[in-house]
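This is what each chain is made of:
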Amino acid sequence: MTMVLIAATSYGLVTPLVKWASLQGIDISWVTVGQYPIPLLGFWLGSRLNRERPLTRSERRWTILVGGAGGLTALTYYQSLKWLSGPVAITLLFQFTWMLPVISRIFGGSPLRRREMGAVAAIIGGTVLQILQLPNRWPLIGTGLGLLAGLSYAVALYGSSRFSESAPLWRRAFESTLFGAILILIGYRGWTFMGHMTRGWLWGSLIGLFSQFIPMLLIYRATPRLSHAATAILASFELPVAVVVSWLVLKEPVPLVEWLGIGIMMIGIVVGSWPSEA
């Protein structure tokens, strides 16, 4: 449980970092491509030092799914920040909180417990409060990209929970990140600009630490032990972190109704993750 919260906090730092890089004149495509080399090197070294076994065929299938979904999340979410403000974009990404339990149920997962249903309802309610104070007309492209990012993030979380606890942690993190990096490289045609993006590598490496390396290890270790609803609820801690850091560092205005929405979500997180009495 704690590991998912830390991973969500790490993810929450990504939105203000990407916006900050953009304000410094760094192209989004540079940041997206540049976030992969350092995590890939770290995962590869971890696998070698721990002398992990190769992945089985079944494990590799899930690794490809997680890596592809993770790459699609980065591709669509970072692009949505071109059209949308940070709070709006992450609100759309945040829809993974109800998408993940739905995906799990479709594929034969256990139904939500009453407490988890209440938590998801609180999270959705808090999201609606934030949406009500946003402009009436949203860019359709940005909105579609944000929702697609939420769906792909839910798929990535679902896939990460399908591994057994005995699956080699560092190797699956390396291979899934590699598949995601390949997707990003093809999507952006990264080979056309990789040679002249010095500052992009610096910003990308910093963002990759919080978007790939830290959360990937923690989520892979924690999600096999949690229900899909609990994973979605705990991962939703990303939203308040992103909003608070954007407010403190980027000086983005946060209306009172948005703070109220975050408060409702936090209540949902606490209720949904509180251990049941024996």
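Owing to the predicted nature of the structure, the values given are computational and were not obtained by experimental measurement.

Could you clarify how one ought to interpret the pattern of salt bridges in this entry?
Oppositely charged side chains may form a pair once their charged atoms are brought near each other. Throughout the structure, instances matching the rule amount to 2 salt bridges. Between Glu59 and Arg53 there is a salt bridge, with its nearest N and O atoms 2.9 Å apart. Judged by relative accessible area, which is 9%, Glu59 ranks as buried. We note a salt bridge from Glu175 to Arg60, for which the minimum N-O separation is 2.9 Å. Of this pair, Glu175 sits in helix α10 (residues 169-188) while Arg60 sits in helix α5 (residues 57-80), placing them 115 residues apart in sequence.

Explain a nonpolar patch on the surface to me, please; I cannot follow it from the model alone.
A surface patch of nonpolar side chains, about 570 Å² in accessible area, is lined by Trp98, Val102, Ile106, Phe107, Ile124 and Val128. Those elements that provide at least two residues to the nonpolar patch are α7 (96-106) and α8 (114-132). The element contributing the most residues to the nonpolar patch is α7, with 3 residues. Looking at where Val128 falls in the secondary structure, it is placed in helix α8. Relative accessible area serves as the criterion here: at 40%, Val128 is assigned to the partly exposed category.

In this structure, what is going on with α10? I would like to understand it.
Note: α-helices contain 3.6 residues per turn, so residues at a spacing of three or four share the same orientation. When the terminal C-alpha atoms of α10 are compared, their 28 Å separation across 20 residues agrees well with the 28 Å that a helix rising 1.5 Å per residue should span. Three or more residues of α10 are buried, namely Leu169, Arg172, Ala173, Glu175, Ser176, Thr177, Gly180, Ala181, Ile184 and Tyr188. If you follow the buried residues of α10, they end up packed against α3 (28-34), α4 (37-49), α5, α9 (140-160) and α11 (198-222). Immediately beyond the C-terminal end of α10, within one or two residues, lies Arg189, with a positive phi of roughly 50°.

Got a minute to help me understand the nonpolar core in this structure?
Looking at soluble globular proteins, one finds that nonpolar side chains tend to be buried together. Judged by nonpolar contacts, the single largest core of 49 residues is most densely connected at Val18, Val31, Tyr77, Tyr78, Ile184, Tyr188 and Ile207. Not counting the four nearest positions on each side in its chain, Ile207 is found in contact with Val14, Leu17, Val18, Val31, Gln35 and Tyr78. The next biggest cluster of nonpolar side chains, apart from the first, holds 9 residues, and it includes Phe163, Ala167, Met216 and Leu217.

Can you walk me through the packing of aromatic side chains in this structure?
In this description, an aromatic ring pair is defined by two values, namely the gap between the centres and the angle between the planes. For the coordinates displayed, the defined rule picks out 9 aromatic pairs. With 6.3 Å between their ring centres and 55° between their planes, Tyr77 and Tyr78 make a pair best called tilted. No difference in accessibility class separates Tyr77 from Tyr78, as the two residues are buried. The rings of Tyr11, Phe96 and Tyr153 are connected pair by pair, giving a single aromatic cluster.

Is there a simple way to explain the environment of Leu65 in this structure?
One can find Leu65 in helix α5. Taking the C-alpha atoms as reference points, Leu65 and Gly159, separated by 94 residues in sequence, lie 6.5 Å from one another. With residues up to four places along the chain from it excluded, the contact list for Leu65 reads Val155 and Gly159.

Just checking my understanding: could you explain the environment of Ser85 for this structure?
By secondary structure assignment, the location of Ser85 is in the loop between α5 and α6 (86-93). With 66 residues separating them along the chain, Ser85 and Lys19 place their C-alpha atoms 8.8 Å apart.

Whenever I open this one, the packing of helix α1 (residues 2-12) against helix α2 (residues 14-23) confuses me. Can you help?
Helices that pack against each other are described as a pair by the angle of their axes relative to one another and the distance between those axes. Two elements in contact, α1 and α2, have axes whose closest approach is 5 Å; the angle formed by their N-to-C orientations is 15°. Comparing their axes, α2 and α1 come out roughly parallel. For the pair α1 and α2, the contacting residues are Ser10, Tyr11 and Gly12 in the first and Val14, Thr15 and Pro16 in the second. Looking at side-chain class alone, the contact of α1 with α2 contains 3 nonpolar, 3 polar and no charged residues.

What counts and what doesn't
- Residues numbered from 1 in each chain as written.
- Predicted model: local features only at pLDDT ≥ 70, side-chain atom pairs only at ≥ 80, totals over all residues.
- Heavy atoms only, no water.
- Salt bridge = Lys/Arg side-chain N within 4 Å of Asp/Glu carboxyl O.
- Buried < 20%, exposed > 50% of the residue type's maximum accessible area, 1.4 Å probe, protein only.
- Helix = DSSP H or I, 4+ residues; strand = E, 2+ residues; numbered from the N terminus.
- Patch = residues over 30% accessible without salt bridge, like charges linked within 9 Å, V, L, I, M, F, W, Y side chains within 5 Å.
- Areas by Shrake-Rupley, 256 points an atom, 1.4 Å probe, with all protein chains shown as cover.
- Expected span 1.5 Å × (residues − 1).
- Contact = heavy atoms within 4.5 Å.
- Core = buried A, V, L, I, M, F, W, Y, C linked by side-chain atoms within 4.5 Å.
- Phe/Tyr/Trp six-rings, centres within 6.5 Å; stacked < 30°, edge-to-face > 60°.
- Axes fitted to C-alpha atoms, helices over the stretch in contact; angles between N-to-C directions.
- Parallel < 35°, antiparallel > 145°, perpendicular 65-115°, else oblique.
- Nonpolar A, V, L, I, M, F, W, Y, C, P; charged D, E, K, R; others polar.

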